[in-house]
Amino acid sequence: MAVLITKPKGTADTLPPESASVRFIENCLLEEAKIFGFREIRTPVFEHTELFQRGVGETTDVVQKEMYTFEDNGHRSVTLRPEGTAGVVRAFLEHGLFNEPLPQKYFYFTSCYRYEKPQAGRLREFHQFGVEALGTAEPAEDAEIIALARHVFDRFGIENIRLEINSIGCPACRKNFQKALREYFEGYKDQLCETCLSRLERNPMRILDCKSPVCSEIAKNAPRVLDFLCEECETHFEKVQKYLDVMGIEYKVNPTIVRGLDYYTKTVFEFVSDNIGAQGTVCGGGRYDGLVKELGGNPLPACGFGMGIERLKLLLDAAQIELPAEATPDLYIAPANPAFSPEAMRLTDLLRNAGNIVLTDVSARSLKAQMKFANKIKAKYTMVLGEDEINTHKAVVKDMQNGGTAEVDLDKLEDAFRRILLADTIGAVPDDVKPGLETLVLLNGGKE
Ligand code: ATP
Ligand code: MG
């Protein structure tokens, strides 16, 4: 069957059982964020275009080339969020959250939209787990968010990922650095790409981030930002490293990291892997002390990171880290004929209320077809409801793994099934749960 319309280039469908792995990953991230005292924040998928122009920066690749911007029917220019931070800071200001105890620490899961050249690990719609800590200038916070990212990788047992850190200074030291960069790049004016030429005047630091092979080759010998740090920025950077040291977090200072967004100050960092192809940066972040003011608030220091969920998944796959399998049904209840379907539905509902994963026939299938289906969906147990079962209020639960069976009282089904699940199998009941099974008549395996 041919599909009439396919998904847009650079987007992906996440289908079961893959979706269960992604959900598992998200749940782990959520737990780690909570452990570190971050709370969830949700912001709109689209914002006024100006938010990103100001918040991400006019001279960035994201704003210059990658945004999904359109006019809505009310003739307002809106943009699908290309990243998470600007929206969070906007919400923080709009709701006066600076009046809450500081720092305010938020995490989020967002879809992001960037018009890029799709390839492995680079999509046009991708997903980020992000954290933002607003309201402290202390290096302890920089270190804390780096530690959170590290915990995430450790939790999954990912070893092949390295932390690279750098400081890009504050506006004061940046000024001298930009000047030195401008002088350096002036010498390569005839070779730089068009975008970088336009950056030469406005923001030469962005040239360091250019992906074009020619520009990045030229950038290799450009002046290093670490040589331009003022005393305060230098001390800050040293302290960040001290905190990382005491937590036993390994890192490498990489003076070439400048990060893709304009709002960063002082600490920037990336977690990079060599195992997932060219798009090796799984997590990137840093301090952005200038953003709150840029978006109209009173100056307030902050830092955060964004972690690409798709790239994290690639990393887990590359390391062959097995995630828990998708949950299969605990029980399939098969009405032997359609007349017993309502009773099957009632019992199904009863067991679902107790939290069990239970399925029953919703397709008016023959008993034989139902059993085939139960097998295919890997139901752990099955139970047939026929004339006898309805009349005697007794039915047989069958273990689909070993064929073991147990008779259960339908009037106490919830309790009986709980015991079966506790024993984990019929026919091979572990000693410590055997005493709990007295209400079950074990038909085989358990019968003397
Ligand atoms: P890159 O240099 O790879 O383009 P970036 O600096 O643009 O990354 P950030 O804006 O810092 O990326 O986003 C944070 C994280 O989001 C990245 O480290 C990456 O894991 C993920 N990410 C960014 N762009 C994409 C994309 N197009 N597809 C999938 N993941 C992405
Ligand atoms: Mg990018």
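As the structure is a computational prediction, the values presented were derived from the model and not from experiment. (Residues numbered from 1 in each chain as written. Chains lettered and ligands numbered in written order. Predicted model: local features only at pLDDT ≥ 70, side-chain atom pairs only at ≥ 80, totals over all residues. Heavy atoms only, no water.)

Visitor: Help me understand the overall build of the chain in this model?
Guide: When helices and strands are counted, the chain shows 15 helices and 17 strands. For 448 residues, the compact-globule formula gives about 22 Å, and the C-alpha radius of gyration of the chain, at 29 Å, lies well above that figure. Dimensions of the chain, computed from the C-alpha atoms along their principal axes, are close to 90 × 55 × 45 Å. Taking all 448 residues of the chain together, 49% fall into the buried category. Intrachain contacts of the chain at a sequence separation of at least 6 include 69% that bridge at least 24 residues. For the chain, the computed accessible surface area is about 22800 Å², with 50% contributed by carbon and sulfur atoms. Between the centroid of the 54 positive side chains of the chain and the centroid of its 67 negative side chains there is a distance of 3 Å. (Helix = DSSP H or I, 4+ residues; strand = E, 2+ residues; numbered from the N terminus. Rg over C-alpha atoms; globule rule 2.2 N^0.38 Å. Buried < 20%, exposed > 50% of the residue type's maximum accessible area, 1.4 Å probe, protein only. Contact = heavy atoms within 4.5 Å. Areas by Shrake-Rupley, 256 points an atom, 1.4 Å probe, with all protein chains shown as cover. Lys, Arg positive; Asp, Glu negative; His and termini not counted. Charge placed at Lys NZ, Arg CZ, Asp CG, Glu CD.)

Visitor: Sorry, what's going on with the domain arrangement of the chain here?
Guide: Many authors give the size of an interface as the accessible area that is lost as the parts come together. Partitioning the chain into structural domains gives domain 1 (18–170 + 230–318) and domain 2 (331–443). The straight-line distance from the C-alpha centre of domain 1 to that of domain 2 is 48 Å. (Domains from an automatic or database assignment.)

Visitor: Looking at this structure, I do not really get the pairing of strand β10 (residues 281–287). What am I missing?
Guide: Across a regular strand the side chains alternate sides, sitting on one face of the sheet and then on the other. Burial of β10 is extensive: 6 of the 7 residues sit out of reach of the surface. In terms of strand pairing, strand β9 (residues 265–272) meets β10 through 6 bridges, oriented antiparallel. What sits directly across from Thr265, in β10, is Arg287. Judged from the 5 bridges that link them, β10 and strand β11 (residues 302–308) form a sheet pairing that is antiparallel. By the bridge assignment for β11, Gly286 is matched with Gly304. (Pairing = 2+ DSSP bridges.)

Visitor: I would appreciate a short explanation of the site of ligand 1 in the present structure.
Guide: Taken together, the neighbourhood of ligand 1 is formed by 16 residues, with Arg114, Glu116, Arg122, Leu123 and Arg259 sitting nearest. Glu116 places a side-chain nitrogen or oxygen 2.6 Å from a nitrogen atom of ligand 1. A distance of 3.1 Å separates an oxygen atom of ligand 1 from a polar side-chain atom of Gln128. Relative to its unbound accessible surface of 590 Å², ligand 1 loses 91% to contact with the protein. Counting residues per element, the ones that place at least two in the shell around ligand 1 are β6 (125–134), β10 and β11. Counting residues per element, the shell around ligand 1 draws most heavily on β10, at 4 residues. The class makeup of the residues in the shell around ligand 1 is 4 nonpolar, 6 polar and 6 charged. (Near = heavy atom within 4 Å. Polar contact = N/O pair within 3.5 Å; in protein donor to acceptor, adjacent residues only side chain to side chain. Nonpolar A, V, L, I, M, F, W, Y, C, P; charged D, E, K, R; others polar.)

Visitor: Even after reading the chapter, I still don't get the nonpolar core, so can you show me in this structure?
Guide: The nonpolar side chains of a soluble globular protein tend to be buried, and buried together. By size, the foremost hydrophobic cluster in this structure holds 50 residues, and its most contacted members are Val89, Leu134, Phe185 and Leu208. Elements supplying a minimum of two residues to this core: α2 (49–56), α3 (61–66), α4 (85–94), β5 (104–113), α6 (171–186), α7 (194–202), α8 (213–219) and α10 (291–294). Tallying contributions element by element places α4 first for this core, with 6 residues. In this structure, Val89 is in contact with Leu134, Tyr288, Leu291, Val292 and Leu295, ignoring residues within four places of it in sequence. Grouped together as the second largest cluster of nonpolar side chains are 41 residues, Val22, Leu163, Ile309 and Leu323 included. (Core = buried A, V, L, I, M, F, W, Y, C linked by side-chain atoms within 4.5 Å.)

Visitor: Please clarify how α7 should be interpreted in this entry.
Guide: Every α-helical turn comprises 3.6 residues, leaving residues that sit three or four positions apart pointing alike. When we look at burial in α7, the residues that qualify are Thr195, Cys196, Arg199 and Leu200. Looking straight down α7, one finds that the buried residues subtend no more than 150 degrees of arc, so they occupy a single side. α7 presents Glu194, Glu201 and Arg202 as exposed residues on the side facing more than 90 degrees away from its buried surface. In this fold, the buried residues of α7 make contact with α3, α6 and α8. (Arc of directions from axis to C-beta.)

Visitor: It is not clear to me how the packing of helix α12 (residues 341–353) against helix α15 (residues 413–423) should be interpreted in this structure. Could you clarify?
Guide: Angle between the axes and distance between the axes are the two parameters that describe a pair of packed helices. Orientation of α12 relative to α15, taken along the N-to-C sense of each, is 60 degrees, at an axis distance of 10 Å. Relative to α15, the element α12 is oriented oblique. Here the hand of the crossing between α12 and α15 comes out right-handed. Within the contact between the two elements, α12 uses Leu347, Leu350 and Leu351 and α15 uses Leu413, Glu414 and Phe417. Residues belonging to the contact of α12 with α15 are distributed by class as follows: 5 nonpolar, no polar and 1 charged. (Axes fitted to C-alpha atoms, helices over the stretch in contact; angles between N-to-C directions. Parallel < 35°, antiparallel > 145°, perpendicular 65-115°, else oblique. Left-handed = near helix turned anticlockwise from the far one by under 90°.)

Visitor: How should I be thinking about the pattern of salt bridges in this particular structure?
Guide: Here the structure, examined in full by the defined rule, presents 30 salt bridges. Across the pair Glu47 and Arg90 runs a salt bridge, and its minimum N-O distance is 2.8 Å. Remark: Arg90 occurs in helix α4 and Glu47 occurs in strand β2 (residues 46–48); sequence separation between them is 43 residues. Assessed through its relative accessible area of 7%, Glu47 is described here as buried. With its nearest N and O atoms 3.0 Å apart, the salt bridge here joins Lys380 to Asp330. In this pair, Lys380 sits in the loop between α13 (367–376) and β14 (381–385) while Asp330 sits in the loop between α11 (309–318) and β12 (331–335), placing the two residues 50 residues apart along the sequence. Accessibility expressed as a relative area gives 35% for Lys380, which makes it partly exposed. What you see here is one network of salt bridges that share partners, running through Arg162, Glu164, Lys252 and Asp274. (Salt bridge = Lys/Arg side-chain N within 4 Å of Asp/Glu carboxyl O.)

Visitor: Would you mind going over the sheet that holds β9 with me for this structure?
Guide: Sheet strands pair via backbone hydrogen bonds, and the direction of the pair is either parallel or antiparallel. Taken in spatial order, the 8 strands of this open sheet run β1-β5-β6-β11-β10-β9-β7-β8, and their pairing is mixed. Of all strands in the sheet, those with a lone pairing partner are β1 (39–40) and β8 (252–253), marking the two edges. Docked against the sheet, helix α5 (residues 139–155) engages β5, β6, β7 (162–167), β9, β10 and β11, running at close to 20 degrees with respect to β11.

Visitor: Help me understand α12 in this model?
Guide: Its 13 residues give α12 an end-to-end C-alpha distance of 18 Å, which sits within 8% of 18 Å, the value for a rise of 1.5 Å per residue. When we look at burial in α12, the residues that qualify are Ala344, Leu347, Thr348 and Leu351. Each buried residue of α12 sits inside an arc of 105 degrees when the element is viewed along its axis, so together they form one side. Exposed side chains of α12 directed beyond 90 degrees from the buried face belong to Pro342 and Asn353. Turning to α12, the residues buried within the fold contact β12, β13 (358–360), β14 and α15. The positive-phi residue at the C-terminal boundary of α12 is Gly355, with phi of around 95 degrees. (Expected span 1.5 Å × (residues − 1).)

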